[in-house]
Amino acid sequence: MLSVHGRKPAAVVVEPIAKIFLKMGLTPNAVTVVGTLVTIGIAVSLIPTGHLVWAAVLSGLFAAFDMLDGTMARMTRGGSKFGAILDASCDRITDGALFCAIAWWLIFTDNAHASTVVACMITLVSSQVISYVKAKGEAQGFTMVGGLVERPERLIVGLVGIGLEGLGLPWAIEIALWALAIGSIFTVYQRLMIAARQDES
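What you are looking at is a predicted structure, and each value in this text was computed from that prediction instead of being measured.

### Regarding the overall build of the protein chain
Summing up its helical and strand segments, the protein chain has nine helices and zero strands in all. Each helix and strand of the protein chain, placed in order from N terminus to C terminus, yields the pattern α-α-α-α-α-α-α-α-α. Computed over its C-alpha atoms, the radius of gyration of the protein chain comes to 17 Å, within 12% of the 17 Å expected for a compact globule of 201 residues. Each principal axis of the C-alpha distribution contributes one length, and for the protein chain these read about 50 × 50 × 25 Å. Looking at the protein chain as a whole, 41% of its 201 residues are labelled buried. Counting only carbon and sulfur atoms, one obtains 71% of the accessible surface of the protein chain, whose full area is about 10800 Å². Across the protein chain, 14 positive and 14 negative side-chain charges occur, with their mean positions spaced 10 Å apart.

What follows is the structure in structure tokens.
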């Protein structure tokens with residue numbers, strides 16, 4: 001939902017930063033790769049070691065790179081096909097790193113109940129399927145727009161969950177992960193139905 005409706009409000013902050021980066025000579029692809037590497041480093045170093053609040057804050061800041069590269073591309077030559085593939089691939093990698101790091105912390109540090117680990121695994125797998133269904137649908141010529149839990153919602157809920165857990169709020173990560181697991185499964189269904197309706201028309 002936020003990927004559709006949240007871009008215009010965010011543009012007020014993102015566009016000036018994008019202009020500065022372009023003046024510095026940075027390319028959209030470079031910003032994509034740097035943002036991905038830093039975000040992965042934050043997730044795999046801070047979350048497993050229990051630095052959840054810092055992980056949430058820093059991951060949230062660097063997740064903004066996901067909007068910066070696209071904005072930079074639109075400000076220059078409109079982006080490239082390779083840039084779009086690189087951006088989508090890096091998104092999948094950072095999502096995987098984030099939820100793998102959370103799963104590691106749940107298992108080896110928090111000694112979480114098995115059901116919470118299951119919710120994390122469901123979120124990890126379904127997040128990849130959500131993106132795959134969209135990509136496959138668009139390759140078939142369908143318009144795949146919208147869904148309950150897209151990448152922005154997934155990042156916000158996941159990072160808020162670990163941040164609040166780090167601050168000592170009981171059940172924060174459990175609630176966040178189960179909300180994401182259920183919402184992600186529903187989003188897979190939503191996108192399949194979007195494709196099915198267009199195939200019938």
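Okay, back to it.
### Observations regarding the pattern of salt bridges
For the coordinates displayed, the defined rule picks out five salt bridges. Asp95 is the salt-bridge partner of Arg151, the closest N and O atoms lying 2.9 Å from each other. Of the two residues, Arg151 is situated in helix α8 (residues 151–166) and Asp95 in helix α6 (residues 81–109); the sequence distance between them amounts to 56 residues. Both residues of the pair, Arg151 and Asp95, count as buried. Measuring nitrogen to oxygen at the nearest pair gives 3.0 Å for the salt bridge that ties Asp95 to Arg154. Highlighted residues: Asp95 in helix α6 and Arg154 in helix α8, separated in sequence by 59 residues. Within this structure, Asp91, Arg92, Asp95, Arg151 and Arg154 form a network of salt bridges that share partners.

### Overview of the state of the cysteines
The tally for this structure, following the rule as stated, stands at zero disulfides. Not part of a disulfide, Cys100 finds its nearest cysteine sulfur in Cys120, a span of 7.7 Å. Overall, Cys120 belongs to the buried group, its relative accessible area being 0%.

### As for the nonpolar core
Of all hydrophobic cores here, the largest spans 27 residues; its most connected members are Ile47, Phe99, Ile102, Leu106, Ile162 and Leu177. Elements with a minimum of two residues in this core: α3 (28–46), α4 (52–63), α6, α7 (114–139), α8 and α9 (172–200). Top contributing element to this core by residue count: α6, with seven residues. What Phe99 contacts, discounting residues up to four positions off in sequence, is Cys120, Thr123, Leu124, Arg154, Leu177 and Leu180. Within the second largest apolar cluster, six residues are counted, among which are Val14, Ala18, Val31 and Leu68.

### Comments concerning the UniProt feature "transmembrane region" (unreviewed entry) in the protein chain
With numbering matched to this structure, UniProt assigns "transmembrane region" (unreviewed entry) to residues 26–46 and 177–196. When the span residues 26–46 is considered, its composition is 90% helix and 0% strand, and the gap between its end C-alpha atoms is 28 Å. The annotated region residues 177–196 carries 100% helix and 0% strand content, and the separation between its end C-alpha atoms amounts to 28 Å.

### Some thoughts on the environment of Thr76
In this structure, Thr76 sits in the loop between α5 (65–75) and α6. A distance of 3.0 Å separates a polar atom in the side chain of Thr76 from the backbone oxygen of Ala73.

### A word on the side chain of Arg191
Position of Arg191 among the secondary structure elements: in helix α9. Take Arg191: its relative accessible area is 3%, and that puts it in the buried class. Polar side-chain contacts of Arg191 include one of 3.2 Å to the backbone oxygen of Gly146. Those residues in contact with Arg191 that sit more than four places away from it in its chain are Ile130, Ser131, Val133, Lys134, Met144, Gly146 and Glu150.

About the criteria used
- Residues numbered from 1 in each chain as written.
- Predicted model: local features only at pLDDT ≥ 70, side-chain atom pairs only at ≥ 80, totals over all residues.
- Heavy atoms only, no water.
- Helix = DSSP H or I, 4+ residues; strand = E, 2+ residues; numbered from the N terminus.
- Rg over C-alpha atoms; globule rule 2.2 N^0.38 Å.
- Buried < 20%, exposed > 50% of the residue type's maximum accessible area, 1.4 Å probe, protein only.
- Areas by Shrake-Rupley, 256 points an atom, 1.4 Å probe, with all protein chains shown as cover.
- Lys, Arg positive; Asp, Glu negative; His and termini not counted.
- Charge placed at Lys NZ, Arg CZ, Asp CG, Glu CD.
- Salt bridge = Lys/Arg side-chain N within 4 Å of Asp/Glu carboxyl O.
- Disulfide = S-S within 2.5 Å.
- Core = buried A, V, L, I, M, F, W, Y, C linked by side-chain atoms within 4.5 Å.
- Contact = heavy atoms within 4.5 Å.
- UniProt positions renumbered as here; feature names shortened; annotations may be inferred.
- Polar contact = N/O pair within 3.5 Å; in protein donor to acceptor, adjacent residues only side chain to side chain.

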